[in-house]
Each structure stands twice: as structure tokens, then as C-alpha cells.
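Structural overview for review
Below are the chains, spelled out letter by letter.
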Amino acid sequence: MCALPDPGTMKHFNSPQRMTIAEFRQSLMLTRSLEDFGYVKRDLIAEGGYGKVYKGWDSKYNRHVALKYMDHQVDKGISQATLREVTLLRSAENHENIVKVLDCCLVSDATVLVLEYCETDLSMFIKKYRDFEVIQTVLTCALIKSIMRDILTGADYLHARGISHRDLKPRNILLNSAHRAKIADFGLSKFITFPVRRMAENFGTRWYRAPEILLSWKTTSMRVDMWSIGTIFAELKERVAIFPGRDHQDQIHIVFATLGTPTQESWPEILNHKEFKDLDIPYYPSYRLDVKTPHMTTEERVLLGQFLSYSPCRRPSASEALEFPYFALPQVRGLSHAGGLTNRAPNLTPVYPAKNGNLKQLN
């Protein structure tokens, strides 16, 4: 029988100490900074629950970019929301009305999405001109139609690929220097190919949330995006949100007070739903959308009413909405270089009153 060696006579070796998974991940992430990837962080553009967005510079291609910092815990890795946003952006990046993701970098305790740079978002754009008395001189009808066409075209592209954005709002619509709209922020988006059972309570931003979400309806579909697009349309025309609820209950109250309480005719499926029957809200028989939208024409108000249909199946799809005559691309007759008549798109750059009272074009 072989005797075991005496521990006292054994030579001791200093073996390296094992790293924890968290330490290993951190060591990998800390080896590179954002500058190592060729990007320089500059001014803060926006911040929210998702993290922060900075204006940045791409040293390799000499261009401005947007750097979206999404925090994550080193010991848990990249969050599900971050992975979902990267995946969905990659799935829909080849469209002019979807913000392009250029790169994805891991630095320290954050994931940085490198996105194409846009000068502003729709919320800031509307707010900037909210104080002007004559809305037509700032957000011209042609410009509003152009922005809406861009949003609908982007939504149609997403929906055709089974992607529901689920958080469309002015802040998530970016505008570049040519005032072309691009859909951004896919943190709450999901692949949905048909109406599915709801998996989460009240996703999206309250003011732009569809009624089936507010009332915890049993299924959700692409049409939640169409309700949100309708509220954006109204906000473009009125310069204020039309359903600014203070909380969940108040949000339902404002929607019902504007569109009337759902009926057998407007939304028969909801009448026997528990959440609806348990509501402690007065009955509103009248339809008062005209009071909320004094700057809209009759045609625009009818169109808005279709977007804001209670029953999801009665809302137009994005592709159907693009077929409405209201969104037909305007053509302006002008002279070609050869001297003949030609059709060209109009100048959509907004104008606003200068100090001397004359109209000044926005640069």
C-alpha cells in the first residue's frame, strides 16, 4: 500500500487566486474605454429611465453620432431591455425612417449604443414653437403631413416585420436637419405577428397609451402603435398633448371624457371586461374631440377619430393610413432646367415670425 506523503515535507506553491464571474466580466470591460473604439463623448442630449444620451464624435468617419449609455450591473451583465433594443434595431436598421445603430460598445458598467445623430426630437421641436400665436407659420400643414408620413412609413416597415414599438411618443421620434422623422428607442418593443396575450401591465408612456392597455385587455396587437400615432398627430396640430393624465385613473377619465364612454357600438368587446365594469368613472355620453382639437380641420379630425377608435380592429393599419388622400405626397409644379414643367416636392422648412414682423425661415 502506497503511503501518503507527509504534508509537512511538501513544497507549497502560490497558485493564482480565482476570479469571480463579476470580476472577470469587469476586467474585460475595463480594458477598453469609449475612446478606444474611436468615439469621443461630448454634450448631454437627454436622460431618462433608460440611461443617458450624449452627442459624440466618430473619429474614424469624421461625423457626429449619438451615444446612448444604458447602465447595467457588472455582476448581471447586459440587461434584457438592452439586448432587445439592439436586436430590434438591427432587424430594422435599413430604413430611412428608423434610427440607425452604427455600433455597440461595452465600457465599464454601461452598454453604449452608437446611433446616427439627429438634431432634435419631435417633443423638443413642438415645445420650441409652442408659444407662437400662429401655428401655421411654424408647423406648416405640409411639414406636419411630411412628419406623419415618415412616422407611418417607419411604423409600416416595423409592423411588416412583426415588430410592435409599444412606446411611440414625440420624444421617441427624432428629426434630422432636413426635418425627416426617424423612430427611435426600442427598449419596450416586441416581435408580435398576431394578437397575443398581454405579458406586462401598462407598458408605454401614459399619455400615449392605448385604451386596451389602460384597461388591461387580455390581448395586445400592432394597433396599440396606431393609437399612439393618432395622439402624436393631434399634438403636432395642437402643440400640447390631448390626453395628459396625472395618473392611471385620470388617464382613463380624460380619454372617456373626450371620446365618450365605450358603448356596444364603439367597443362591444370591453363591456363585460372586469377592469371596465369596476371603473369608478362617470358615464360620458358625448364625443368632444372637436373641443380638444380646435386647430384641426374637419378632415383632420375625422382622420384622427379613426386612429383613436376604441376597438383596435377598427383602427387603420399603418399601410392603410398611408393610402388616405390626406397623406398623399404633394406635388408642386415648377420649371425644370430644360424650361418645361416638372413636379417637385415643396420646401418643408418651417418659418416663424422675426422681430420685425416678417416671416423668417428656420435654418
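Quick caveat, the model's predicted, so the values are computed rather than measured. (Residues numbered from 1 in each chain as written. Predicted model: local features only at pLDDT ≥ 70, side-chain atom pairs only at ≥ 80, totals over all residues. Heavy atoms only, no water.)

1. Things to note about the overall build of the protein
Convention followed: Helix and strand definitions follow DSSP, with helices as H or I runs of at least four residues and strands as E runs of at least two, each counted in order from the N terminus. Exposure classes here rest on a 1.4 Å probe applied to the protein chains alone. A residue is buried below 20% of its type maximum, exposed above 50%, and partly exposed in between. Any two residues having at least one pair of non-hydrogen atoms within 4.5 Å are treated as being in contact. Per-residue accessibility takes into account occlusion by the displayed protein chains alone, with areas from the Shrake-Rupley method and a 1.4 Å probe.
Helix and strand counts for the protein stand at 11 helices and 16 strands. When the 363 residues of the protein are sorted by exposure, 46% land in the buried category. Summarising the internal contacts of the protein: among those between residues at least 6 apart in sequence, 63% fall at separations of at least 24. In the structure as shown, the protein presents an accessible area of about 19,800 Å², 53% of it carried by carbon and sulfur atoms.

2. Digging into the packing of aromatic side chains
Two aromatic rings are characterised by how far apart their centres lie and by the angle between their planes. This is how the line gets drawn: Pairing of aromatic side chains here covers Phe, Tyr and the six-membered ring of Trp, requires ring centres within 6.5 Å, and sorts the geometry by plane angle: under 30 degrees stacked, over 60 edge-to-face, intermediate tilted. Each ring is checked for a lysine NZ or an arginine CZ that lies within 6 Å of its centre and within 35 degrees of its normal; such an atom marks a charge sitting over the ring.
Within the structure shown, the criterion is met by 8 aromatic pairs. An angle of 75 degrees between the planes, with centres 5.4 Å apart, marks the rings of Tyr54 and Tyr69 as edge-to-face. Here Tyr54, found in strand 2 (residues 51-58), pairs with Tyr69, found in strand 3 (residues 63-71); they are 15 residues apart in sequence, far enough to count as distant. The pair Tyr54 / Tyr69 is uniform in exposure class, with both members buried. Across the ring face of Tyr54, the terminal group of Lys41 is positioned such that the distance to the ring centre comes to 4.6 Å. The ring of Tyr69 has Lys41 sitting right over it, with the charged end atom 5.0 Å from the ring centre.

3. Observations regarding the packing of helix 4 (residues 141-160) against helix 6 (residues 223-238)
Heads up, the rule is: Note on method: axes are straight lines fitted to C-alpha atoms, helices fitted across the in-contact stretch only, with angles between N-to-C directions ranging 0 to 180 degrees. In this scheme, roughly parallel covers angles under 35 degrees and roughly antiparallel covers those over 145, while 65 to 115 is roughly perpendicular and the rest are oblique.
In the contact formed by helix 4 and helix 6, the axes pass within 11 Å of each other and the chain directions differ by 170 degrees. Compared by their axis directions, helix 4 and helix 6 come out roughly antiparallel. Side by side, helix 4 and helix 6 meet where Ile144, Ile147, Met148, Ile151, Leu152, Ala155 and His159 of the first sit next to Asp225, Met226, Ile229, Ile232, Phe233, Leu236 and Lys237 of the second.

4. Concerning the sheet that holds strand 6 (residues 120-121)
For clarity, the threshold we go by: DSSP-based pairing: two strands are paired if at least 2 bridges between them are found.
Judged by pairing direction, the sheet is antiparallel, and its 3 strands sit side by side in the order 6-8-9 without closing on themselves. Edge strands, defined here as strands with exactly one partner in the open sheet, are strand 6 and strand 9 (181-183). Across 3 bridges, strand 8 (residues 173-175) lies against strand 9 in antiparallel orientation. Along strand 9, the bridge assignment pairs Leu175 with Ala181.

5. Some thoughts on the pairing of strand 5 (residues 110-116)
The element strand 5 is largely enclosed, with a buried count of 7 among its 7 residues. Across 7 bridges, the pairing between strand 3 and strand 5 is antiparallel. By the bridge assignment for strand 5, Tyr69 is matched with Val112. In this sheet, strand 5 lies alongside strand 4 (residues 101-107) in antiparallel orientation, the contact comprising 6 bridges. If you follow Val107 over to strand 5, its bridge partner there is Ala110.

6. Observations concerning the layout of surface pockets
Formally: For each structure, a 1 Å grid was placed over the protein atoms alone; sets of points admitting a 1.4 Å probe that cannot get out are labelled cavities, open sets with protein on both sides within 12 Å along at least five of seven lines are labelled pockets, and lining residues have an atom within 4 Å of a point. Grid points are joined across faces, edges and corners, and a volume is the space filled by probe spheres set on the points. Gly is put with the polar residues, along with every residue not named as nonpolar or charged; the nonpolar set is Ala, Val, Leu, Ile, Met, Phe, Trp, Tyr, Cys and Pro, and the charged set is Asp, Glu, Lys and Arg. Boundary definitions for the domains trace back to an automatic or database domain assignment.
Each pocket or cavity is described by its volume, and for the largest pocket that value is around 680 Å³. For the largest pocket, the lining is made up of 33 residues, of which Tyr50, Val53, Lys68, Asn172 and Asp185 are closest to its centre. Sorting the residues of the lining of the largest pocket by element identifies strand 1 (39-48), strand 2, strand 3, helix 2 (80-91), strand 5 and strand 6 as the ones contributing at least two each. The residue makeup of the lining of the largest pocket, split by class, is 15 nonpolar, 8 polar and 10 charged. Domain assignment of the residues forming the lining of the largest pocket places at least three in each of domain 1 (21-116) and domain 2 (120-327). Estimated volume of the second largest pocket: approximately 290 Å³. Around the second largest pocket, the lining is made up of 16 residues, and of these Ser123, Arg171, Trp207, Tyr208 and Glu235 lie nearest the centre. A total of 5 residues in the lining of the second largest pocket trace back to one element, the largest contributor, which is helix 3 (residues 122-128).

7. Some details on the sheet that holds strand 3
Taken in spatial order, the 5 strands line up as 1-2-3-5-4 in an open sheet, and their pairing is antiparallel. The open sheet is flanked by strand 1 and strand 4, the only strands paired with a single partner. Ignoring which end each strand starts from, the neighbouring axes of this sheet average 25 degrees apart.

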